[in-house]
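# Results of the structural survey
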Amino acid sequence: MTTNYDNDNIFARILRGEIPCHKVHEDEDAIVFMDVMPQSEGHALVVPKAHSRNLLDADPGVLAKIAPMLQKVAVAAKQAFNADGISLMQFNEGAGGQTVFHLHFHIVPRYEGVALRADGRGMEDNEVLAANAEKLKAALAG
Ligand code: AMP
């Protein structure tokens, strides 16, 4: 098992502005953008800017700073997408379900009796992702 941080992982490249994302929010500590393969309408990712593969090698100070942001985005997502609940998910290493090796947190709107869409179902339409980013942005601002 490798435990090195790869500077060219896809989220590092998004953070450097090398590839686009449907951005919802950015500040000095984190960026929030829509997951391109959402498991539910409005599935967003909160990505700390500091480099770590995942929770296991993260600086505790970074985790302390990101926690209030997770709450804010969860509250905004519940409102923006009329959800009944929110799943906060975070995976560590391949065996733990991780596929992108830069620490990130999933904020997934949930609905009574509705299962999550299968992972890897394919890319959502850009227009849908853009519209959902705007909805979430508005809820965060409001
Ligand atoms: P995981 O590492 O299993 O926590 O999940 C990584 C997540 O990143 C998956 O839900 C992917 O759909 C998502 N993802 C992968 N590439 C991108 C990208 N370029 N922009 C937004 N989300 C992405």
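The coordinates are above.
Residues numbered from 1 in each chain as written. Predicted model: local features only at pLDDT ≥ 70, side-chain atom pairs only at ≥ 80, totals over all residues. Heavy atoms only, no water.

With that out of the way, let us pick up the overall build of the chain. Check the secondary structure of the chain and you find three helices and five strands. Each helix and strand of the chain, ordered N terminal to C terminal, gives the series α-β-β-β-α-β-β-α. Taking 142 residues into account, the globule formula puts the C-alpha radius of gyration at 14 Å, and the chain, at 14 Å, falls close to it. Overall, the C-alpha framework of the chain stretches about 40 × 30 × 25 Å when taken along its three principal axes. Out of the 142 residues in the chain, the part that is buried amounts to 41%. In the chain, the proportion of contacts linking residues at least 24 apart, taken out of those at least 6 apart, comes to 64%. Counting only carbon and sulfur atoms, one obtains 53% of the accessible surface of the chain, whose full area is about 7600 Å². Once the 13 positive and 19 negative side-chain charges of the chain are each reduced to a mean point, those two points are 3 Å apart. (Helix = DSSP H or I, 4+ residues; strand = E, 2+ residues; numbered from the N terminus. Rg over C-alpha atoms; globule rule 2.2 N^0.38 Å. Buried < 20%, exposed > 50% of the residue type's maximum accessible area, 1.4 Å probe, protein only. Contact = heavy atoms within 4.5 Å. Areas by Shrake-Rupley, 256 points an atom, 1.4 Å probe, with all protein chains shown as cover. Lys, Arg positive; Asp, Glu negative; His and termini not counted. Charge placed at Lys NZ, Arg CZ, Asp CG, Glu CD.)

In the vicinity of the ligand lie 16 residues, with Asp35, Gly97, Thr99, His104 and His106 positioned nearest. Starting from 510 Å² of accessible surface for the ligand in isolation, the protein chains cover 90%. Among the elements of the structure, helix H1 (10-15) and strand E2 (30-34) are those that each provide at least two residues to the shell around the ligand. Looking at the shell around the ligand, the element that brings in the most residues is H1, giving three residues. (Near = heavy atom within 4 Å.)

What follows is about the packing of helix H2 (residues 60-80) against helix H3 (residues 126-141). As a packed pair, H2 and H3 sit with axes 8 Å apart at the nearest point and diverge in direction by 115°. H2 and H3 meet at a crossing whose hand is right-handed. Packed against H2, whose contacting residues are Lys72, Val73, Ala76, Ala77, Gln79 and Ala80, the element H3 presents Lys135, Leu136, Ala139 and Leu140 at the interface. Residues of the contact of H2 with H3, tallied by class, amount to seven nonpolar, one polar and two charged. (Axes fitted to C-alpha atoms, helices over the stretch in contact; angles between N-to-C directions. Left-handed = near helix turned anticlockwise from the far one by under 90°. Nonpolar A, V, L, I, M, F, W, Y, C, P; charged D, E, K, R; others polar.)

Right, let's get into the packing of aromatic side chains. The full count for this structure, using the stated rule, is one aromatic pair. Summarising the aromatic geometry, the rings of Phe11 and Phe33 are spaced 5.4 Å apart at their centres and angled 80° between planes, so their arrangement reads as edge-to-face. Note that Phe11 is positioned in helix H1 and Phe33 in strand E2, a separation of 22 residues in sequence. For Phe11, a relative accessible area of 8% corresponds to the buried category. Taking relative accessible area as the criterion, Phe33 reaches 3% and is therefore assigned buried. (Phe/Tyr/Trp six-rings, centres within 6.5 Å; stacked < 30°, edge-to-face > 60°.)

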